[in-house]
Amino acid sequence: MTHTESEIQNRYLPGLPQVARALLFARARGPRVLLCPPERLPLYASMSGLGLGVYVNPGLEAYQAAQVVVMAYPEALAPFPERPEEWRLVLEPGRRYLRDQLLENLARMGYARGEDFEVWGDRLEVGRLRLEFFGDELEGIWLEDLPQARHVLTAKPGKAEGWTSLKILHFPGTVFLDTPSLAPAELWPLIAGRAQVSFGLGGPELPPLHLPIRPLPPYRARVSQFVEDLRGWLAKGYAAVFFYRHQKSRGYLLQKLEGLPTRSMATLEPRPGILTLVPGPFEGAFLDEENQTVYLSEAHLYAFGGGEVLRNRRVLSGEEADPGALAAGDYLIHPEHGIGQYLGLETREVLGVRRDYLVLRYAGEARMYLPVEQLPLLKRHPGTTDDPPALSSLGKGEWKKRREKAAKDAEELAQRLLVLHAKREATPGRSFGPLAEWDPLVEENFPFELTPDQKKALEETLRDLEAPRPMDRLISGDVGFGKTEVALRAAFRVVGHGAQVALLVPTTLLAEQHRATFQKRLAGLPVRVAALSRFTSEREEREILRGLAEGRVDIVIGTHRLLSPDVRFKDLGLLVVDEEHRFGVAQKERIRELKEAVDTLYLSATPIPRSLYSALVGLRDLSSIQTPPPGRKPIRTVLAPYDPALVRQGIMDELERGGKAFYVHDRVATILARRSYLEALVPEARIGVVHGQMTEAEVEETMLAFSEGAFDVLLATTIIESGLDIPEANTILIERADKLGLAALYQLRGRVGRRDQEAWAYLFHPLRLTEGAERRLSAIADLSDLGSGHLLAEKDMEIRGVGNLLGPEQHGHIRAVSLEIYTELLSEAIRKLKGESVEPERHVTLDLQLSARLTPEYIPSPAARSRYYGRLAECKNLAQLSRLAKELKERYGPAPLEVENFLALTRLRLLAEARGVVSITEDLMYLQIAFAQPGIDYDAKALRNLPFRAETTQYPPGFRIHKKGLRPEEYLQAISEVLYLVG
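Residues numbered from 1 in each chain as written. Predicted model: local features only at pLDDT ≥ 70, side-chain atom pairs only at ≥ 80, totals over all residues. Heavy atoms only, no water.

Quick notes on the overall build of the chain
We count it as follows: Per the convention used, a helix needs a DSSP run of H or I reaching at least four residues, while a strand needs a run of E reaching at least two, with both numbered from the N terminus. Exposed residues in this analysis have more than 50% of their type's maximum accessible area, buried residues have under 20%, and partly exposed residues fall in between, with area computed by a 1.4 Å probe over protein chains only. Whether two residues are in contact is decided by their heavy atoms, any of which lying within 4.5 Å being enough.
Counting its regular elements, the chain contains 30 helices and 44 strands. With 983 residues in all, the chain has 54% of them scored as buried. For the chain, contacts bridging at least 24 residues in sequence account for 73% of all contacts bridging at least 6.

Some words on helix α14 (residues 508–521)
Because each turn of an α-helix spans 3.6 residues, side chains separated by three or four positions in sequence point in the same direction. Selection criterion: The span expected for a helix works out to 1.5 Å for each residue beyond the first.
An ideal rise of 1.5 Å per residue puts 20 Å on 14 residues; α14 measures up with 20 Å between its terminal C-alpha atoms. When α14 is considered as a whole, its buried residues turn out to be Thr-508, Leu-509, Leu-510, Ala-511, Glu-512, His-514, Phe-518 and Arg-521.

Details of the environment of Leu-745
With respect to the secondary-structure elements, Leu-745 resides in helix α21 (residues 742–749). Overall, Leu-745 belongs to the buried group, its relative accessible area being 1%. For the pair Leu-745 and Leu-763, spaced 18 residues apart in the sequence, the C-alpha separation amounts to 8.9 Å.

Focus on the sheet that holds strand β29 (residues 529–532)
Definition in use: At least two bridges found by DSSP between two strands are what make those strands a pair. Axes here mean lines fitted to C-alpha atoms, for a helix over just the part in contact, with angles spanning 0 to 180 degrees between N-to-C directions.
Spatial strand order, β29-β30-β28-β31-β32-β27-β33: seven strands in an open sheet with parallel pairing. Of all the strands in the sheet, just β29 and β33 (621–625) have a single pairing partner and so form its edges. Each adjacent strand pair in this sheet contributes to an overall mean axis angle of 20 degrees, direction not counted. Bridge count for strand β31 (residues 572–578) against strand β32 (residues 599–604) is five bridges, and the pairing is parallel. What sits directly across from Asp-578, in β32, is Leu-603. Here helix α12 (residues 452–466) sits on the sheet and contacts β27 (472–477), β31, β32 and β33; the angle it forms with β33, its principal contact strand, is near 155 degrees.

Some details on the packing of aromatic side chains
The test is simple: Pairing of aromatic rings covers Phe, Tyr and the six-membered ring of Trp, with a centre-to-centre limit of 6.5 Å; geometry is then stacked below 30 degrees between planes, edge-to-face above 60, and tilted otherwise. In this scheme, the term charge over a ring applies when either NZ of a lysine or CZ of an arginine sits within 6 Å of the ring centre and within 35 degrees of the ring normal.
Enumeration over the complete set of coordinates arrives at 20 aromatic pairs. The ring of Tyr-369 has Arg-348 sitting right over it, with the charged end atom 3.9 Å from the ring centre. The ring of Phe-706 carries the charged tip of Lys-660 above its face, separated from the ring centre by 5.4 Å.

What to know about the environment of Leu-846
The topology assignment puts Leu-846 in strand β40 (residues 845–847). According to the relative accessible area criterion, Leu-846 is buried, its value standing at 7%. Sequence separation between Leu-846 and Ser-919 is 73 residues, and the spatial gap between their C-alpha atoms is 5.9 Å. Aside from chain neighbours lying at most four places away, what touches Leu-846 is Glu-373, Leu-905, Leu-908, Arg-909 and Ile-920.

As for the nonpolar core
In plain terms, the rule: The term nonpolar core refers to a set of buried residues drawn from Ala, Val, Leu, Ile, Met, Phe, Trp, Tyr and Cys, joined through side-chain atoms within 4.5 Å.
Of all hydrophobic cores here, the largest spans 58 residues; its most connected members are Ile-920, Ile-929, Ile-961, Ile-975, Val-978 and Leu-979. By residue number, the principal contributor to this core is helix α28 (residues 897–915), which donates nine residues.

A short note on the side chain of His-300
Put simply, the test is: Distance and chemistry together define a polar contact, namely a pair of N or O atoms within 3.5 Å, with one atom able to donate a hydrogen and the other to accept it when in protein, and with adjacent residues in sequence counting only for side-chain atoms on both sides.
By secondary structure assignment, the location of His-300 is in helix α9 (residues 298–301). Within polar-contact distance, the side chain of His-300 engages the backbone oxygen of Pro-217 at 2.9 Å. With near-sequence residues (within four places) excluded, His-300 lies in contact with Leu-216, Pro-217, Pro-218, Tyr-219, Arg-220, Gly-284 and Ala-285.

Observations concerning the pattern of salt bridges
Worth spelling out the cut-off: In what follows, salt bridge is the name for a side-chain nitrogen of Lys or Arg lying within 4 Å of a carboxyl oxygen of Asp or Glu.
The tally for this structure, following the rule as stated, stands at 56 salt bridges. Across the salt bridge formed by Arg-430 and Asp-571, the nearest N and O atoms sit 2.5 Å from each other. Here Asp-571 lies in the loop between β30 (555–558) and β31 and Arg-430 lies in the loop between α10 (398–426) and α11 (439–444), a separation of 141 residues in the sequence. Asp-571 gets classed as partly exposed once you look at its relative accessible area, which sits at 27%. One salt bridge in this structure joins Glu-543 and Arg-546, with 3.2 Å as the shortest N-O distance. Here Glu-543 and its partner Arg-546 are both found in helix α15 (residues 538–550), three residues apart, which amounts to about one turn of the helix. With relative accessibility at 30%, the residue Glu-543 sits in the partly exposed group.

Quick notes on the side chain of Asp-116
The topology assignment puts Asp-116 in the loop between α5 (99–108) and β7 (117–120). A polar contact is formed between the side chain of Asp-116 and the side chain of Lys-156, at a distance of 3.3 Å. If we skip the residues at most four places from it in the chain, Asp-116 touches Gly-110, Tyr-111, Glu-125, Val-126, Gly-127 and Lys-156.

Points about helix α26 (residues 862–874)
Given a rise of 1.5 Å per residue, 13 residues ought to cover 18 Å, and the 19 Å separating the end C-alpha atoms of α26 matches this to within 8%. The buried count for α26 comes to 10 of 13 residues, which makes it a mostly enclosed element. What α26 keeps buried is the set Ala-864, Arg-865, Ser-866, Arg-867, Tyr-868, Tyr-869, Gly-870, Arg-871, Leu-872 and Ala-873.

Here we look at the confidence of the model for the chain
Worth spelling out the cut-off: Scored between 0 and 100, pLDDT is the confidence that the predictor attaches to each residue.
In this model, the chain carries a mean pLDDT of 83, and residues with pLDDT of at least 70 account for 86%. Note on residues 305–324: pLDDT is under 50 here. Beyond four places in sequence and across chains, it has 36 contacts.

Here's the deal with the pairing of β31
Burial analysis of β31 places seven of its seven residues in the buried class, the great majority of the element. Sheet analysis places strand β28 (residues 500–504) next to β31, joined by five bridges and oriented parallel. The partner of Gln-500 across the bridge, within β31, is Leu-572.

Here we look at the sheet that holds strand β3 (residues 55–56)
The sheet built from six strands is open, its strands ordered β1-β15-β14-β2-β4-β3 with parallel pairing. The open sheet has two free edges, formed respectively by β1 (11–12) and β3, since each of these has just one partner strand. Set on the sheet, helix α2 (residues 18–27) makes contact with β2 (32–36), β4 (68–72) and β14 (174–177); between it and β2 the angle comes to about 160 degrees.

Re unusual backbone geometry
The residue after Tyr-955, namely Pro-956, is reached through a cis peptide bond having omega -5 degrees. Relative to the elements of secondary structure, Pro-956 occurs in the loop between β43 (950–953) and β44 (958–962). Backbone geometry at Glu-144 places phi at a positive 50 degrees, although glycine is not the residue there. Its place among the elements puts Glu-144 in the loop between β10 (137–143) and β11 (146–148). Despite not being glycine, Thr-179 has its phi angle at roughly 50 degrees, a positive value. Along the chain, Thr-179 turns up in the loop between β14 and α6 (187–191). Among the residues examined, Thr-179 registers a relative accessible area of 9% and is labelled buried.

Section: the pairing of β27
For β27, a buried count of six out of six residues is recorded, marking the element as mostly surrounded by other parts of the structure. Burial along β27 is two-sided: the face carrying Asp-472, Leu-474 and Ser-476 and the face carrying Arg-473, Ile-475 and Gly-477 are both buried. Bridge analysis of β27 against β32 gives five bridges, and the strand direction is parallel. In the strand pairing of β32, Leu-474 is matched with Tyr-602. Pairing analysis gives five bridges linking β27 to β33, with the strands arranged parallel. When the bridges of β33 are listed, Leu-474 appears paired with Leu-622.

Topic: the environment of Tyr-97
Assignment of secondary structure puts Tyr-97 in the loop between β6 (88–91) and α5. Taking the relative accessible area as the measure of exposure, Tyr-97 reaches 9% and is therefore buried.

Things to note about the packing of helix α18 (residues 644–656) against helix α19 (residues 671–681)
Quick note on the threshold: Angles below 35 degrees are treated as roughly parallel, those above 145 as roughly antiparallel, those between 65 and 115 as roughly perpendicular, and all remaining angles as oblique. Throughout, the ten residues Ala, Val, Leu, Ile, Met, Phe, Trp, Tyr, Cys and Pro are labelled nonpolar, Asp, Glu, Lys and Arg are labelled charged, and all others, Gly among them, are labelled polar.
Packing of α18 against α19 brings their axes to within 10 Å, and their N-to-C directions diverge by 75 degrees. What the angle tells us is that α18 and α19 run roughly perpendicular. On the side of α18, the interface is formed by Pro-644, Val-647 and Arg-648, while α19 contributes Tyr-677, Leu-678 and Leu-681. Tallied by class, residues from the contact of α18 with α19 come to five nonpolar, no polar and one charged.

Notes on the packing of α26 against α28
In contact at an axis separation of 10 Å, α26 and α28 are set at 25 degrees when each is read in the N-to-C sense. Of the possible angle classes, the one that applies to α26 and α28 is roughly parallel. Across the interface between the two elements, Tyr-869, Leu-872 and Ala-873 from α26 touch Phe-902, Leu-903, Thr-906 and Arg-909 from α28. Tallied by class, residues from the contact of α26 with α28 come to five nonpolar, one polar and one charged.

Encoded structure:
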């Protein structure tokens, strides 16, 4: 970049990273002004690293003195006096000031004697400023009792209203424009005729000039790649410059760059073959091949996308959406007609009765109009517009066939599961009995006492190993409660019998962590531990595979790489699976093949419902570690609506005690904007980013960098749910916690609080919550006691329903009928096979000639009406309904008749479901209540004494109420009175 200033003037310079723009501005000569959007001002605010002092958003005090100026666009258009010298007073000791003229100047600038300034003989005081004179000569200046060599007193705040000029007109020189597309249109006439250098499109058209530099792609926290590239440049004799924002970053990098020639300087002085570290807020990086220099920045090393230029543009959005609300586009399942897409609500009038109908779209653009009171019949399908399920065809019996097929498959799977369990009980396996001299070797070097639960889990595991059948045990325990120690001792027992152990983990980082733990605990013992992961070199991998096949490797720890066909064991005796729910369907199937006749031990911090379900129905043995290790403190959980002040406090409290924090933002699309927001909110913190659209290598390298001290805060999606144990991380902040499942919340909270230091978890949610979200968050807050993972999984079953035991052969059926319906079919089949009675799900059909709906006049927003219809349909008891009715009246005022009717219909539905009613219908003469079964138990005498005529019916079994003598508005009350007589 050796272009002269005259060559770049009045040119558009495309494609320059911000650090190159700052360098060009710093190297220019004479007076100059750089204009940029307010959010980019911090990038140019400090140029001391480039040997340049700048005035940032200067005012009257800097008029005529400021030669190098950086201003935000709005500031450039701020009011300024036409004659600035009349609105400022330059004060310097040794100069003469005529007293009367001085007092006149002060009055013109808005200062009133007696209020704003006082004169005491030869002393004049203006607020905190003190001036001392000898006659007319100024002898000394004191500001807050500190002597000053010079001071510029400007107009009193509030005097700017009468100013008729604008600031940009009074600061001369070439105008450099950063992101001119965001400049206000009023700016262009003001700088017309001045020399300009534009770093972007927008504003007056200037001829482009392409500078011979090469911008570098972001490193995305891949420090190893950065070090490798740097080594290459320095070997070629290039000078390298790295601008760092935080002192901590400099310290971290110097550790990683050990062995490379480095030096730290206060200002830029590139030297061939050496990396110079210089403080600077810049971002971006580029290669100047002409001058053999590479310029790098901390922001570039940790940049996670190309959108760094304007990543902190704030976008104002509407009100927070309710994640549980019924919305147009959702997929719903009707028990008889199958999967349809909800298009919205439509009001229809039939026989003089106005009702709202759900409009559902089916295959071939067929439509079904379903009265909203039948919404409880429908189940939500998890499909989204990105991953839509196949819509069912109306009237072809296709859904019935799909459901029957799935039910048949569920029955077969239930049989297989029970047979598998019985077969496992009967399968001869190996017995790994106690070894009197071997077992104590690993116990002796354990620095802690086993907790009572750990002892019990270990005894149960060793008993299973001793039994002559294959073990299939699940050990559930909170993060850091000692599941690994139980697995390690079981592995040691198996190795003592000459067999091999495989430990399967979901991430490379976990594999590395377990490898370090096992090697440390088994140091000095005749046990060879190896790890197979992405960090394993090809040569090492070949050696390990050979060692496994020949029996020289006793314990292997690895990711799904262990499931590859080329991994062969000489004699596998024990398979340990950590966090089974993190593996995919195909991987689980391969695990099943591996464990056929092998003892298997599963470890889980939160037994997800599917694992726990198996355990509870007796398909798997379960050990639970619920007591914390001595000295371990519970995690303090804060449940609150989102508050930036609380976010800053949470992060700063952690940083001030020398720790690190996790911040969970579970939306990849806006994660970079959130990073900018946090950088502005907590400028003291270095922030790294990980999300699911990064490669596995990038995620792992960033996590490793975080653990080694590259960042203070790791901003992440739920990808960090299972990962590295980072002892210094003792605070986690989770945004939109209401959108996450209990297992995910629990796992995320388990990222912190692994040591004896008190840990904090902040769960943020919108002001309004769905009932399900409220229950989930309350469950998490209630379960702050240590060791509550097991209870939490039971809560999760209660809230989300049980999962199922997936295999690839079931996947198609689940896609066809949805996970929820398949799970229901499976649990029904298991109960049948066990000889238990199966209660059918009850739904009531209500068909009464009654105008009942949530009217648009009462609730104007269609989205809000859909949401309330959904919530009313989810009501399971009268207490819930009462709370919801109260909420409606508080929000929208007294309910009109149609709304009251709809609430009364919902109340009637709940009452009818509880009594076993299948339908309530109306014809010309009667109101008919039909029950599923004959032989209804009711109070016959009370029925005869009702103030209206009601009688029993044989077919359908139930009651018939004569309409004669009843007004239409009395029908619902009459039906309720009859139902109250049913026992």
